[in-house]
Amino acid sequence: PVRGTIQLTGTFGELRSNHFHAGLDIRGEVGRPVYAIADGYISQIRVSVSGYGQALYVQHPSGHTAVYGHLDRFRDDIMAYTRRQQYQQERFLLDEEVPRDSFPVRQGDLIGYIGERGFVSGPHLHFEIRDTKTDRYLNPMNFGITVPDSRQPLIRGLRFYALSERGRVLSGKDYSVQSRGTGKYVLSVDTLYTDQPIVALAIKAYDQQDGRPNMNGIYSLEMYQDSQLNFAYHLDHFLVEQNRYFNAHLDYEEQRKNNSWFQRGFLLPGNQLDFYETDERQGRIKLAPGQVSTI
C-alpha cells in the first residue's frame, strides 16, 4: 500500500481497548502516497470525525476487500466525488457505497495520501484486508507485505493460575521474568509449586520491529507440556462478531485493575474465538501428586 520501507506502529491482532486491532498501522508522514494493492474497484467511501476518519474500501476479484484508513485526502477525482456527495446530503459524515464502474483501480494506482484523521494519535495508514463474503479480518502480513524485523519478542511477566475442574479461575499469582539475551528468559525460581491438580498460565509479551520503539502485539503463542503442544494460537484471522470475546482472551480483571495486559495460554469457558489450536485440555495443565511437568 506504500512504497519504500514499511515501519509498523501497530500489528494485526494486537490488544486494544476491548478489541483486537484489525489491521496494520503503517507509519508515514502526512501526504505520503497510498496505492491500491491489486486490481479492483472502490466500493465504499467513509468520512467520519472519529474511527478511521477518511477511509476507502477497495474490492478485489480475489474475494478480498482492502481498507485504507486515516487518509488525509483521497485522489483528486475521488475527493471531488466525495465533496459532491457531502453537499448533496448536506452533511459532513459520509458512508457511501460507490457504483462499481465509478472508480476502477489497477494494482499500484494512487488512491490517496496518509493522514491523521479520525481517532488517531499520529499520522499513519491503517490498512486492513478482509474476506469480502464473511467479513473476516485477515492478517495483511500473509499477503506478501514485508517489514524489516530482526528484533525478538519481549516477555515482561508470567501469571500462574489455579483452576477448578470446569476451568474457572480460583486464584492467580504473578512471577517476574529476567532476560538472558537472545530471546531467553528465566524466572526467579526454576520450579513453581502448587497444591492444585489443574493450573494454567498467561503471559505478558510484546513485539517490536526494526526502527520503531512501539510495543506492538505478538503474532503467536505456543505452550508445550512435556514437549507436547497443549495450547497455541496464531493471529492470522478473526471474525468481527468474535471481538466481544476479546476480554476472555486476556486477563480482563488484571487489565482493568492494573492496566496490565496478560494473554491467556488457556481457554476460559464460553470463549468462542476460533483461532486457537488445542485439544480437550484447552490449555489446562493437569498434574498428579509429586509429578513435575516441564512447561
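Residues numbered from 1 in each chain as written. Predicted model: local features only at pLDDT ≥ 70, side-chain atom pairs only at ≥ 80, totals over all residues. Heavy atoms only, no water.

Colleague: What am I meant to see in the sheet that holds strand β21 (residues 228-234) here?
Modeller: Hydrogen bonding along the main chain pairs the strands of a sheet, whether they run parallel or antiparallel. Taken in spatial order, the three strands of this open sheet run β20-β21-β24, and their pairing is antiparallel. Strands at the two margins of the open sheet, each flanked by one partner only, are β20 (220-225) and β24 (276-278). Each neighbouring strand pair of the sheet contributes to a mean axis angle of 10 degrees, computed without reference to strand direction. In this structure, β20 lies alongside β21, joined through six bridges in antiparallel fashion. Paired with methionine 223 across the bridge in β21 is phenylalanine 231. (Pairing = 2+ DSSP bridges. Helix = DSSP H or I, 4+ residues; strand = E, 2+ residues; numbered from the N terminus. Axes fitted to C-alpha atoms, helices over the stretch in contact; angles between N-to-C directions.)

Colleague: Please clarify how the pairing of strand β16 (residues 169-175) should be interpreted in this entry.
Modeller: Note on strand geometry: in a regular strand, side chains alternate between the two faces of the sheet. Here strand β15 (residues 154-163) runs beside β16; their pairing, made up of six bridges, is antiparallel. Pairing of leucine 158 across the sheet is with tyrosine 175, part of β16. Counting the residues that bridge the hairpin from β15 to β16 gives five residues, and of these glycine 167 lies at a positive phi of roughly 95 degrees.

Colleague: Can you help me understand unusual backbone geometry in this one?
Modeller: Residues other than glycine predominantly adopt negative phi, and peptide bonds predominantly adopt the trans conformation. Despite not being glycine, aspartate 226 has its phi angle at roughly 50 degrees, a positive value. Within the fold, aspartate 226 resides in the loop between β20 and β21. Under the relative-accessibility criterion, aspartate 226 is labelled partly exposed at 36%. Phi is positive for asparagine 259, which is not a glycine, with a value near 50 degrees. (Buried < 20%, exposed > 50% of the residue type's maximum accessible area, 1.4 Å probe, protein only.)

Colleague: Explain helix α1 (residues 76-89) to me, please; I cannot follow it from the model alone.
Modeller: Residues that lie three or four places apart on an α-helix share one face, since the helix turns once every 3.6 residues. Helix length check: α1 (14 residues) gives 20 Å between terminal C-alpha atoms against 20 Å at 1.5 Å per residue, within 8%. Residues of α1 that are buried in the fold lie against β6 (40-47), β7 (54-59), β9 (71-74), β10 (94-97) and β12 (110-114). Directly beyond the C-terminal end of α1, a positive phi value near 55 degrees is found at glutamate 90. (Expected span 1.5 Å × (residues − 1). Contact = heavy atoms within 4.5 Å.)

Colleague: How should I be thinking about the side chain of arginine 159 in this particular structure?
Modeller: Relative to the elements of secondary structure, arginine 159 occurs in strand β15. Of the polar contacts made by the side chain of arginine 159, one reaches the side chain of aspartate 251; its length is 2.9 Å. Every residue in contact with arginine 159, bar those within four places of it in the chain, is listed here: Gly172, Lys173, Asp174, Ala200, Leu201, Ala202, Asp251, Glu254 and Phe262. (Polar contact = N/O pair within 3.5 Å; in protein donor to acceptor, adjacent residues only side chain to side chain.)

Colleague: Please explain the layout of surface pockets as it appears in this structure.
Modeller: To find the voids left in a structure, one rolls a probe of water-molecule size over its atoms. Empty space within the largest pocket amounts to approximately 1300 Å³. In terms of lining, the largest pocket is formed by 42 residues, of which the most central are Leu158, Leu187, Leu192, Leu201 and Ile295. Residue composition of the lining of the largest pocket, grouped by class: 27 nonpolar, 11 polar and four charged. Computed from the structure, the second largest pocket encloses a volume of approximately 640 Å³. Lining the second largest pocket are 28 residues, and of these Arg16, His19, His21, Asp25 and Phe119 lie nearest its centre. Of all the elements in the fold, those that place two or more residues in the lining of the second largest pocket are β2 (15-16), β3 (19-20), β4 (24-27) and β13 (124-131). (1 Å grid on protein atoms, 1.4 Å probe; cavity = no way out; pocket = protein on both sides within 12 Å on 5 of 7 lines; lining within 4 Å. Points joined across faces, edges and corners; volume = space filled by probe spheres on them. Nonpolar A, V, L, I, M, F, W, Y, C, P; charged D, E, K, R; others polar.)

Colleague: It is not clear to me how the sheet that holds strand β5 (residues 33-35) should be interpreted in this structure. Could you clarify?
Modeller: On the basis of which strands lie adjacent, the open sheet formed by three strands has the order β5-β12-β9 and antiparallel pairing. Every other strand in the sheet has two partners, leaving β5 and β9 as the edge strands with one partner each. If you compare each strand with its neighbour and ignore which way they point, the axes differ by 35 degrees on average. Sheet contacts for α1: β9 and β12; angle to β9, the most-contacted strand, approximately 90 degrees.

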